Amino acid sequence: MCVDLTLFPLDTIKTRLQSQQGFYKAGGFRGIYAGVPSAAVGSFPNAAAFFVTYDCTKSLLGAGGVLAAPHLAPVTHMLAASLGEIVACLIRVPTEVVKQRAQASPSSSTYRILLATVREEGVRGLYRGFRSTVLREIPFSLVQFPLWEYLKTLWSWRQGHTLYSWQAAVCGAFAGAVAAFVTTPLDVAKTRIMLAKAGSTTASGNIPLVLYDVWRSRGLTGLFAGSIPRVTFISVGGFIFLGAYEKVRRTLL
């Protein structure tokens, strides 16, 4: 939660850069903490849902059978991370919808946006963009977690002993930065879908159509809009988050 709240202004800037109306019309640098209550509410349960699922799945798949072989460890990490993201999205998406709409409309409060979404679209409106979020998070995890585990293994092998928590954190920062950059176009599509007016073509959630529309109107720059704050946010967050996770996991196990 501390990571999400500390770096929240970067997330707001990213959302406004990716929004259809453009950075300044979406609020510019005003109200950069708009939507923070939604992020605060969802931060802990979202992270808990992911890591509980990730660790349990990794343990089950690695306990025996064909995926227990060391050379298949990346496959285990990919499957565990993907399942973890799907479960976490059940919590993440509603909070993300409200948060991003508040970020793009800083004059409205989080509570008003929540009420307006439920009134106009029902509970289903809170899950608008669920598919696009999952399709962003799975490729992200397929890059981040196997790369993180590989970097830890490589560094540990080279120095001859288990990594310290700060070293695992450095690996997490690098893996997160790479994953964040390559999945930015999917993040742009997800943002556009969540912010779109109800009933519009974009709101229907057709990801290829949304990406094509962005490409046609803004080109490659539009597809990678917000990549700098996104990479910074996830890199710093990955350093703190994964470093703390590694420290706690070693303490408890």
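Quick look at the structure, then.

Rules and cut-offs
- Per chain, residue numbering runs from 1 following the sequence as it is written.
- Note on the predicted model: pLDDT of at least 70 is required for a residue's local features to be given, and 80 or more for side-chain atom pairs to be given and counted; whole-chain, interface and lining totals, by contrast, use all residues.
- Water and hydrogen atoms were dropped before computing side-chain values, which therefore reflect all heavy atoms in the structure.
- In this description, a nonpolar core means a group of buried Ala, Val, Leu, Ile, Met, Phe, Trp, Tyr and Cys residues linked to one another through side-chain atoms lying within 4.5 Å.
- Exposure classes here rest on a 1.4 Å probe applied to the protein chains alone. A residue is buried below 20% of its type maximum, exposed above 50%, and partly exposed in between.
- Contacts are assigned to residue pairs with any non-hydrogen atoms lying within 4.5 Å of each other.
- Note on patches: the residues involved have over 30% relative accessible area and no salt bridge, like charges join within 9 Å, and the nonpolar side chains Val, Leu, Ile, Met, Phe, Trp and Tyr join within 5 Å.
- To measure how exposed things are, a 1.4 Å probe is used in the Shrake-Rupley method; for residues, cover is taken only from the protein chains shown.
- When a carboxyl oxygen of Asp or Glu lies within 4 Å of a side-chain nitrogen of Lys or Arg, that pair is called a salt bridge.
- In this text, helices come from DSSP runs of H or I with a minimum length of four residues, and strands from runs of E with a minimum of two, each type numbered from the N-terminal end.
- For a helix, the expected span equals 1.5 Å multiplied by the number of residues minus one.
- Bend, at a single residue, is the angle you get between axes fitted to the 7 residues ending at that residue and the 7 residues starting at it.
- For this analysis, a ring pair means two rings from Phe, Tyr or Trp (six-membered ring only for Trp) whose centres lie within 6.5 Å, classed as stacked if their planes differ by under 30 degrees, edge-to-face if by over 60, and tilted for the remaining angles.
- Axis definition: a line fit to C-alpha positions, over the contact stretch in the case of helices; interaxial angles, taken between N-to-C directions, run 0 to 180 degrees.
- Any angle that falls under 35 degrees is termed roughly parallel, while one over 145 is termed roughly antiparallel, one within 65 to 115 roughly perpendicular, and all others oblique.
- Put simply, a crossing is left-handed when the front helix is turned counterclockwise from the back one by less than a right angle, and right-handed when it is turned clockwise.
- Note on residue classes: Ala, Val, Leu, Ile, Met, Phe, Trp, Tyr, Cys and Pro are nonpolar, Asp, Glu, Lys and Arg are charged, and everything else, Gly too, is polar.

### Digging into the nonpolar core
Stage number 1. Counting residues in each nonpolar core, the largest one holds 14 residues, and the members touching the most others are Phe50, Phe51, Tyr54, Phe145 and Trp148.
Stage number 2. Excluding anything up to four places from it in sequence, phenylalanine 50 contacts Ala81, Gly84, Glu85, Ala88, Ser141 and Phe145.
Stage number 3. One finds Val188, Ala189, Val210 and Val214 within the second-largest nonpolar core, a separate group that totals seven residues.

### Remarks on a nonpolar patch on the surface
Stage number 1. Together, Tyr164, Trp166, Val170, Val236, Phe239 and Ile240 make up a nonpolar patch on the protein surface, roughly 560 Å² of accessible area in all.
Stage number 2. If you list the elements that add at least two residues to the nonpolar patch, you get α8 (165-182) and α11 (227-252).
Stage number 3. Among the elements that make up the nonpolar patch, the one with the highest residue count is α11 (three residues).
Stage number 4. Given the relative accessible area of 41%, isoleucine 240 is considered partly exposed.

### Digging into the pattern of salt bridges
Stage number 1. In total, this model carries 16 salt bridges according to the counting rule given.
Stage number 2. The salt bridge partner of lysine 152 is glutamate 149, with a shortest N-O separation of 3.4 Å. One end of the pair is lysine 152 and the other is glutamate 149, both in helix α7 (residues 130-159) and three residues apart, which spans about a single turn.
Stage number 3. Under the relative-accessibility criterion, lysine 152 is labelled buried at 10%.

### Looking at helix α3 (residues 36-62)
Stage number 1. Given a rise of 1.5 Å per residue, 27 residues ought to cover 39 Å, and the 38 Å separating the end C-alpha atoms of α3 matches this to within 8%.
Stage number 2. At serine 43, α3 shows its maximal kink, close to 35°; a proline, proline 45, follows between one and four residues later.

### Details of the side chain of threonine 15
Stage number 1. Its place among the elements puts threonine 15 in helix α2 (residues 8-18).
Stage number 2. When neighbours within four sequence positions are excluded, threonine 15 is seen to be in contact with Gln100, Gln103, Thr191 and Leu195.

### Comments concerning the packing of aromatic side chains
Stage number 1. Across all of its chains, the model carries 14 aromatic pairs by this definition.
Stage number 2. Between the aromatic rings of phenylalanine 23 and tyrosine 24, the centroid separation amounts to 5.0 Å while the plane-to-plane angle is 80°, which identifies the pairing as edge-to-face.
Stage number 3. With a centroid separation of 6.4 Å and an interplanar angle of 70°, the aromatic rings of phenylalanine 51 and phenylalanine 145 are classed as edge-to-face. Remark: phenylalanine 145 occurs in helix α7 and phenylalanine 51 occurs in helix α3; sequence separation between them is 94 residues. Exposure class is identical for phenylalanine 51 and phenylalanine 145. Each is buried.

### So, the side chain of aspartate 11
Stage number 1. Along the polypeptide, aspartate 11 turns up in helix α2.
Stage number 2. Here aspartate 11 is in contact with Lys99, Gln103 and Phe233, once residues within four sequence places are set aside.

### Describing the packing of α3 against helix α4 (residues 73-104)
If you want to describe how two helices pack, look at the angle between their axes and the distance between the axes.
Stage number 1. For the pair α3 and α4, interaxial distance at closest approach is 7 Å and the crossing angle is 165°. The orientation of α3 relative to α4 falls into the category roughly antiparallel. Handedness of the α3/α4 crossing: right-handed.
Stage number 2. For the contact of α3 with α4, the per-class residue count stands at 14 nonpolar, 10 polar and four charged.

### Focus: the packing of α3 against α11
Stage number 1. Where α3 meets α11, the closest approach of the two axes is 13 Å, and the angle between their N-to-C directions is 55°. Classified by the angle their axes make, α3 and α11 are oblique. Along this stretch, α3 crosses α11, giving a crossing that reads as right-handed. The segment α3 lies against α11, with Ala47, Phe51, Tyr54 and Asp55 engaging Phe241, Leu242, Tyr245 and Arg249.
Stage number 2. Residues that form the contact of α3 with α11 fall into these classes: six nonpolar, no polar and two charged.

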